[in-house]
Amino acid sequence: NALRYRIFELIEEKSTEICALYGCTFTMDKTWNGLPVLVNDERLTQFVVKNATELFGENNVIAMNHLTLGEDFAIYLEKIPGAFWVLGVCPPEQENLPPLHNPRLSPDEHAIKTGMMLMVENCLKFIISG
């Protein structure tokens, strides 16, 4: 989040300098209506990865590259530690899916069972571990 605000500062600073060179002015709207950066708790992320690996096997748990998505779950993670994960929902007979919020998106509904299994496993092990 600090980088996001620093970017606004840099844009304003450099734009002022450029405008001064050309005798013009600019106005910048600093309103930020976006979501905060989603940052998973490292310990809980490792916990989820361990549980997922035990449930589904190492070949079915894939580490993802960092994404630049808007995700409202980030608001929760500003308040309490947590881990956001993504289920593979592409049906086996397809190579890829249309993007989210697309009327042609038709995810594999078996993923619901997979997601619920992981959620229950996480909850039970979290409660047991105290």
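Given the structure is predicted, the values throughout are model-derived calculations rather than measurements. (Residues numbered from 1 in each chain as written. Predicted model: local features only at pLDDT ≥ 70, side-chain atom pairs only at ≥ 80, totals over all residues. Heavy atoms only, no water.)

Draft legend 1. Highlighting the layout of surface pockets. In this structure, the largest pocket occupies an estimated 2100 Å³ of space. In this structure, the largest pocket is lined by 49 residues; those nearest its centre are Met64, Leu67, Phe84, Trp85 and Val86. Taken together, the elements giving at least two residues each to the lining of the largest pocket come down to helix 2 (42-56) and helix 4 (110-129). For the lining of the largest pocket, the per-class residue count stands at 31 nonpolar, twelve polar and six charged. Looking at the second largest pocket, its volume works out to about 260 Å³. The wall of the second largest pocket is formed by 13 residues, among which Leu44, Val48, Ala83, Trp85 and Asn122 lie closest to the centre. Sort the elements by how many residues they give to the lining of the second largest pocket and helix 4 lands first, with five residues. Taken together, the residues of the lining of the second largest pocket break down into eleven nonpolar, two polar and no charged. (1 Å grid on protein atoms, 1.4 Å probe; cavity = no way out; pocket = protein on both sides within 12 Å on 5 of 7 lines; lining within 4 Å. Points joined across faces, edges and corners; volume = space filled by probe spheres on them. Helix = DSSP H or I, 4+ residues; strand = E, 2+ residues; numbered from the N terminus. Nonpolar A, V, L, I, M, F, W, Y, C, P; charged D, E, K, R; others polar.)

Draft legend 2. Expanded view of the confidence of the model for the chain. Here the chain averages 89 in pLDDT, and 96% of its residues register 70 or above. Element-level pLDDT for the chain is lowest in helix 1 (residues 2-22), with a mean of 88, against a maximum mean of 96 in helix 2. (pLDDT = per-residue confidence, 0-100.)

Draft legend 3. View of the pattern of salt bridges. Per the counting criterion, the structure on display carries six salt bridges. For the salt bridge of Glu13 with Lys14, the shortest nitrogen-to-oxygen distance reads 3.6 Å. The exposure class assigned to Lys14 is partly exposed, which follows from its relative accessible area of 41%. In this structure, Lys125 and Glu121 form a salt bridge, with 3.2 Å as the shortest nitrogen-oxygen distance. (Salt bridge = Lys/Arg side-chain N within 4 Å of Asp/Glu carboxyl O. Buried < 20%, exposed > 50% of the residue type's maximum accessible area, 1.4 Å probe, protein only.)

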